[in-house]
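Chain by chain, the residues:
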Amino acid sequence: MSLVALSFLPIFIPFTLFLGGCFVGREKTTYVAQKTSRLSLFLVVVFFSTFPISYFFTDAWQSSALIRHSALNQIMLGLVTIMGWVLISFSRNYMAGQANLNRYYRWLMFTLASVAITVTTNHLVIFWFGWLGISLSLNNLLTFYGDRPRAILAAHKKFMLARVAELSLFAAFALLYQQYDSVYINTIINTAVAQYDAGLPLHWQEHLAACLIAFAALIKCAQLPFHGWLIQVVESPTPVSALLHAGVINLGGYLLLLFTPVVAQSHYAIWLLLLVAGLSTLSSALIMTTRISIKVRLAWSTCAQMGLMLLEFALGLYELVLLHLLAHSFYKAYSFLNSGNAVNDAIRLRLSSAAKADPQTNKVAIPNVQTWLMAIGLSTVSVVVIRTVFGFDSAFSTWWLFALALTVLIIQWRTCEHPPSIIYTFVMGLVLCVIYAALKFVTHYALPSYPTHTVQAFSLADIWAMVLFSLLFGLSALLHYQVRWRAIRRLSIALFAGLYLDEWLTRLVLKFWPVTLPARAKEQHYTSNTHQTSPKP
């Protein structure tokens, strides 16, 4: 296959997905799921058969007017193709027997086609229309069960916020076109890099465009207080939740990676991400610990993970952004598709007797001060040693976060029924740090080396992130081990209410644009009120 034919692969996959959606949307037979699954498998085979050449020879052709050829685009296209095959294959059994299956598969394939167009195009206008197509197609999937009031309300809020993000992105693209006199993404990026090399500062149009792009990414990633819809769309079919959390919501990170030379040079946009994404990460991670429903916990986890991904971008750790994006996609897809086994997993965990428990209260024993100090010391030494050996000189905050996570893992090891030795614990900590450093190195080669400003260790931004991670570690430990304290109990109540952030946003949305709930919900509401007010015989 010639390079010319391979250069049109980014068009072939989204075009085939779109035509497949049009075809299955007209199908009235019971073979809709089977045909859709075969088509998605065919696209996976096509992608993997051409990926080695298209990835390693991306410099053999220049980005055209419509297609952007880079390693990042190839990776994102592969992610969309694989996720599409997995979700469609899972839907064959999960959605079997449901009404309007042709409608479900049509909008699922339209959503995948829109994502594929967005991650491969080199044109600002096509990128924006692809971004719009994702939202409109996904809205039809979120309202697949039209008789569920929570699903309708969540889709309504999502629809409103998506329009705000699209207007923000449209204004940013208009400013970029005005400043660079081009609608081609590669031209804009190359010009921004050349200006940086020449020492030219950004104009106010570029600063504003960078802030608008960052704002659109924050909304797309469902950062607080624009998060409520993400928590409530769990009323939609499980494959739709997996698609949303594993593929669509990550596009905020891709948007920032794509326009790195512009956004990374604007300190206004960087601090917007540091403040909003940082606080959202802290709040969402803490709120997640108060949830019982597995799907709701996963939704709050997505808010926290997306905030951390945006925070990594603000710290100049672009390879971690891509690594986080890919790992989160596969992890969340598996977690949602496996959520039906949550009860069995909880039973196995309870029967495993993994944690020491007080025989009188049947509660997990609280680690003593010596155990905490030992865990923090081992994890910190492991991180410092590996960071020094590999020669990393960027922000230290992500390494500090890794050390805190390793501390929690060591605490779990030391409080299990048969704790490992200290030497084994230290060696395993070093091994995990080596794996982390190796993944950073490997992912680094998938991104272009933009000569943009990087955050140095222990700078103001780095210290801000370290403070947030330390607060997260301390408050999580208190919520887990000292929930009886009065202040911690009050904090737990506030966290259980989601810090009341979604309530005022919901009122604002409904006041601006009211929504009519399904008739069945109204009947249920009327029936419940009748039972409550009717006198007893």
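Computed from a predicted structure; not experimentally measured.

Asks: I'm lost on the overall build of the protein chain in this one. Help?
Replies: Within the protein chain, the secondary structure is distributed over 24 helices and zero strands. Of all 537 residues assigned to the protein chain, the portion counted as buried reaches 53%. For the protein chain, the share of sequence-separated contacts (at least 6 apart) that also reach a separation of at least 24 residues comes to 81%. Here the protein chain has roughly 25100 Å² of accessible surface; of this, 67% comes from carbon and sulfur atoms.

Asks: Where do I start with helix α4 (residues 71–94) in this structure?
Replies: The terminal C-alpha atoms of α4, which comprises 24 residues, lie 34 Å apart, in line with the 34 Å expected from a rise of 1.5 Å per residue. Taken across its 24 residues, α4 has 17 buried, putting it largely inside the fold.

Asks: Whenever I open this one, the environment of Leu 17 confuses me. Can you help?
Replies: Within the element layout of this structure, Leu 17 appears in helix α2 (residues 9–26). With 96 residues separating them in the primary sequence, Leu 17 and Ala 113 have C-alpha atoms 5.3 Å apart. Not counting the four nearest positions on each side in its chain, Leu 17 is found in contact with Leu 43, Met 109, Leu 112 and Ala 113.

Asks: I'm lost on empty space enclosed by the protein in this one. Help?
Replies: Taking a probe equal in size to a water molecule and rolling it over the atoms shows the remaining empty space. For the structure shown, the criterion picks out five cavities of 30 Å³ or more. Approximately 80 Å³ is the volume found for the largest cavity. As for the largest cavity, its lining consists of Trp 131, Ser 135, Lys 158, Leu 161, Ala 162, Ala 165, Glu 166, Ile 219, Lys 220 and Trp 229. Elements that contribute at least two residues to the lining of the largest cavity include exactly α6 (124–142), α7 (149–180) and α9 (204–220). Looking at the lining of the largest cavity, the element that brings in the most residues is α7, giving five residues.

Asks: Just to check I follow, could you spell out the packing of aromatic side chains for this structure?
Replies: Here the distance between the centres and the angle between the planes together describe a pair of aromatic rings. One pass over the structure, following the stated rule, counts 19 aromatic pairs. Centroid distance Phe 47 to Phe 48: 5.6 Å. Interplanar angle 80°. Geometry classified as edge-to-face. A centroid spacing of 6.0 Å and a plane angle of 25° characterise the contact between Phe 127 and Trp 131, whose relative ring orientation is stacked. With Phe 127 and Trp 131 both in helix α6, this residue pair falls four residues apart, about one helical turn. According to the relative accessible area criterion, Phe 127 is buried, its value standing at 0%. Following the ring pairs from residue to residue traces out a cluster consisting of Phe 127, Trp 131, Phe 173 and Phe 259. If you follow Lys 220 out to its NZ or CZ, it ends over the ring of Trp 131, 4.9 Å from the centre.

Asks: When you look at the pattern of salt bridges in this model, what are you seeing that I'm missing?
Replies: When their charged atoms lie close together, side chains carrying opposite charge are able to pair. Counted by the stated rule, this structure contains two salt bridges. Between Glu 166 and Arg 163 there is a salt bridge whose closest N-O contact spans 2.7 Å. Here Glu 166 and its partner Arg 163 are both found in helix α7, three residues apart, which amounts to about one turn of the helix. In terms of burial, Glu 166 and Arg 163 fall into one category: buried.

Asks: Mind showing me how you'd approach the environment of Ser 241 here?
Replies: Within the secondary structure, Ser 241 is located in helix α11 (residues 238–248). Its relative accessible area of 1% is what places Ser 241 among the buried residues. With 92 residues separating them along the chain, Ser 241 and Ala 333 place their C-alpha atoms 8.5 Å apart. Apart from residues lying up to four places away in sequence, Ser 241 is in contact with Val 233, Val 234, Ser 236, Lys 295 and Phe 336.

Asks: Is there a simple way to explain the environment of Leu 138 in this structure?
Replies: One can find Leu 138 in helix α6. Spatially, the C-alpha atom of Leu 138 lies 9.0 Å from that of Val 248, the residues being 110 residues apart in sequence. The residues contacting Leu 138, other than those within four sequence positions of it, are Thr 111, Lys 158, Val 240, Leu 243, Leu 244 and Val 248.

Asks: Would you mind going over the nonpolar core with me for this structure?
Replies: If you look at soluble globular proteins, the nonpolar side chains tend to sit buried side by side. Residues Phe 127, Leu 169, Leu 176, Ile 213, Leu 255, Phe 259 and Phe 313 are the most contacted members of the largest nonpolar core, which totals 159 residues. Sorting elements by how many residues they give to this core places helix α15 (residues 294–314) first, with 13 residues. Contact partners of Phe 259, with chain neighbours within four places excluded, come to Leu 124, Phe 173, Leu 176, Ile 185 and Ile 213.

Asks: Please clarify how the packing of α11 against α15 should be interpreted in this entry.
Replies: At their nearest, the axes of α11 and α15 sit 11 Å apart, and the two run at 15° to each other. Of the possible angle classes, the one that applies to α11 and α15 is roughly parallel. Relative to α15, the crossing made by α11 is left-handed. Contacts from Thr 238, Ser 241 and His 245 of α11 reach α15 at Lys 295, Leu 298, Ala 299 and Thr 302.

Asks: What is the right way to read the side chain of Ser 283 from this model?
Replies: Looking at the secondary structure, you find Ser 283 in helix α14 (residues 267–288). Apart from the residues lying within four places of it in its own chain, the contact partners of Ser 283 are Leu 224 and Leu 499.

Asks: I tried to follow unusual backbone geometry on my own but got confused; where do I start?
Replies: Peptide bonds are, in most cases, trans, and in most cases residues other than glycine have a negative phi. Cis geometry is found at the peptide bond from Leu 224 to Pro 225, where omega equals 5°. Following the sequence through the fold, Pro 225 ends up in the loop between α9 and α10 (228–232). Here Asp 181, not a glycine, exhibits a phi torsion of approximately 55°, which is positive. Of note, Ala 222 is a non-glycine position whose phi angle comes to about 55°, a positive value. Its location among the elements puts Ala 222 in the loop between α9 and α10. With a relative accessible area of 0%, Ala 222 lands in the buried category.

Asks: Would you take a moment to explain a nonpolar patch on the surface for this structure?
Replies: A cluster of nonpolar residues, Ile 11, Phe 15, Phe 18, Leu 19 and Leu 66, forms a patch on the protein surface that exposes about 460 Å² of accessible area. The residue Phe 15 is located in helix α2 in this model.

Asks: Hey, could you run me through the confidence of the model for the protein chain in this one?
Replies: Note: predicted coordinates in regions of low pLDDT should not be interpreted at a detailed level. Scored by pLDDT, the protein chain has a mean of 80; 85% of the residues are at 70 or more. For the protein chain, per-element mean pLDDT is lowest for helix α24 (residues 519–533), which scores 43, and highest for α9, which scores 91. Low pLDDT, under 50, characterises residues 353–362; the predicted model gives this stretch 19 contacts beyond four residues in sequence or across chains. Here residues 521–537 is modelled with pLDDT under 50, and outside its nearest four sequence neighbours on either side it reaches three contacts, counting other chains as well.

Calculation criteria
- Residues numbered from 1 in each chain as written.
- Predicted model: local features only at pLDDT ≥ 70, side-chain atom pairs only at ≥ 80, totals over all residues.
- Heavy atoms only, no water.
- Helix = DSSP H or I, 4+ residues; strand = E, 2+ residues; numbered from the N terminus.
- Buried < 20%, exposed > 50% of the residue type's maximum accessible area, 1.4 Å probe, protein only.
- Contact = heavy atoms within 4.5 Å.
- Areas by Shrake-Rupley, 256 points an atom, 1.4 Å probe, with all protein chains shown as cover.
- Expected span 1.5 Å × (residues − 1).
- 1 Å grid on protein atoms, 1.4 Å probe; cavity = no way out; pocket = protein on both sides within 12 Å on 5 of 7 lines; lining within 4 Å.
- Points joined across faces, edges and corners; volume = space filled by probe spheres on them.
- Phe/Tyr/Trp six-rings, centres within 6.5 Å; stacked < 30°, edge-to-face > 60°.
- Lys NZ or Arg CZ within 6 Å of the ring centre and 35° of its normal.
- Salt bridge = Lys/Arg side-chain N within 4 Å of Asp/Glu carboxyl O.
- Core = buried A, V, L, I, M, F, W, Y, C linked by side-chain atoms within 4.5 Å.
- Axes fitted to C-alpha atoms, helices over the stretch in contact; angles between N-to-C directions.
- Parallel < 35°, antiparallel > 145°, perpendicular 65-115°, else oblique.
- Left-handed = near helix turned anticlockwise from the far one by under 90°.
- Patch = residues over 30% accessible without salt bridge, like charges linked within 9 Å, V, L, I, M, F, W, Y side chains within 5 Å.
- pLDDT = per-residue confidence, 0-100.

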